[in-house]
Amino acid sequence: MQPTIFERIIAREIPSTIEFEDDRVIAIRDIAPSAPVHVLIIPKRVIRNVDDLSEQDTELIGHVFLVARDLARKYGVVDNGYRVVTNCNEHAGQTVFHLHFHLLAGEPLGRMNSRPPRSAGSTRSMLFEGGLLVIAAIALAAVFNSMNPRQIPWVKKEYERTQATQNDIQKYLAPPEATGQNKPVDVTVDQPTAAPTKTEAAAPTTTAAPAASPSAEKPKNTFVADPGKVLEIGYDAFVRLISTGSFHLIDARTPEKYSEGHIANAINIYGGEAQSRIPDIIQSPRDRVILIYCDGGECELSHHVADVLKQFGYGPIFIYTGGWAEWKTKH
Ligand code: AMP
């Protein structure tokens, strides 16, 4: 049988850095250290591994551990700690089949529970564990989402999008006798009577005022409730409705966007927070039309707020689809 590399080191056929030697063992620095201190303590007698030990080796193995103890003291690693290990056969990763003990120290060595890379045979269990991980991640996301006041709906809801007709708008405009003609009336824009909101407290820095100015004469209240009715409107209809001064105006964008700028008198109920704002919402009287706007576009956040309001019998609710983006450019 070919001599092992350690036999050749002991025989000085191969060079090594010897840290200790006596008639029974040799201690050399590992050629590929796994820690700042990595010394191999090798019994000189040819023994394949732990499984080849016999009673007669009892004293030899005791001696190996005393050498390890002395080396650890010499390197000053006793207080911080060290590890003495030996590998036996394939699963332990033995590569040199001549009994030897690794003395490792000089840094935290971690727990001895690292797992080897998996073989192709364990693909099924990998998939199983991967699946479990994905399920756990989804469950975690669901919990966080449910705790988040701005939670994201799991299934994208398709909202019914109905465009308001001239007649729909007309019903909620001031009657001709109050305006003199069927044009936007020039009335005070009432402070919305909706309950104060979190975001209202922080005064917005920028606002865009609706086209309205003070006037002694208020239009007659022509409000006819139409609970649950949600209609989309464009810019012109929106301007006409706000000019009546009789509305609740809701900005369904994020509080951040709201604070950057919003339509005057709008209260901020961010779409994602609508559920948590129900106590605020239901305090608002139902005696006016509700106007909601977002940034413009699909207006899903506005529809979301409208949905909540609908459940509490508010209506009609008009969603201004041009939203802040259009309002900003036209004002
Ligand atoms: P094991 O994997 O437990 O059999 O350990 C064998 C160790 O011997 C490894 O850590 C190797 O880096 C080390 N080794 C292999 N050849 C040499 C060598 N010529 N001099 C010093 N250490 C060596």
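Up top you'll find the structure we're talking about.
Residues numbered from 1 in each chain as written. Predicted model: local features only at pLDDT ≥ 70, side-chain atom pairs only at ≥ 80, totals over all residues. Heavy atoms only, no water.

Chemist: Hey, could you run me through helix H11 (residues 300-311) in this one?
Modeler: Every α-helix carries 3.6 residues per turn, so stepping three or four residues along brings you back to the same face. With twelve residues, H11 should cover 16 Å at 1.5 Å per step; its first-to-last C-alpha distance of 17 Å lies within 8% of that length. Here H11 has its buried residues at Ser302, His303, Val305, Ala306, Asp307, Val308 and Leu309. Where H11 is buried, its residues touch strand S7 (230-233), strand S8 (247-251), helix H10 (278-281), strand S11 (289-293) and strand S12 (317-320). Trailing H11 by a residue or two, Gly313 shows a phi angle of about 80 degrees, which is positive. (Helix = DSSP H or I, 4+ residues; strand = E, 2+ residues; numbered from the N terminus. Expected span 1.5 Å × (residues − 1). Buried < 20%, exposed > 50% of the residue type's maximum accessible area, 1.4 Å probe, protein only. Contact = heavy atoms within 4.5 Å.)

Chemist: Just checking my understanding: could you explain the nonpolar core for this structure?
Modeler: Soluble globular proteins tend to bury their nonpolar side chains together. Membership of the largest hydrophobic core comes to 24 residues, with the highest contact counts inside it found for Ile233, Phe238, Leu291, Phe318 and Trp327. Among the elements of the structure, S7, helix H8 (235-242), S8, S11, S12 and helix H12 (323-330) are those that each provide at least two residues to this core. The element contributing the most residues to this core is H8, with six residues. Setting aside residues no more than four positions away along its own chain, Leu291 makes contact with Ile233, Phe238, Leu241, Ile242, Phe247, His248, Leu249, Ile250 and Phe318. Membership of the second largest hydrophobic core comes to 19 residues, among which are Ile267, Ala274, Cys294 and Cys299. (Core = buried A, V, L, I, M, F, W, Y, C linked by side-chain atoms within 4.5 Å.)

Chemist: Would you mind showing me how to read the sheet that holds S7 here?
Modeler: Strand pairing in a sheet relies on backbone hydrogen bonds, with the paired strands running either antiparallel or parallel. Strand order in this open sheet of five strands is S7-S12-S11-S8-S10, and the pairing throughout is parallel. Of all strands in the sheet, those bounded by a partner on one side alone are S7 and strand S10 (267-268). Of the strand pairs in this sheet, S8 and S11 are connected by five bridges, and their pairing is parallel. Paired with Ile250 across the two strands is Ile292, which belongs to S11. (Pairing = 2+ DSSP bridges.)

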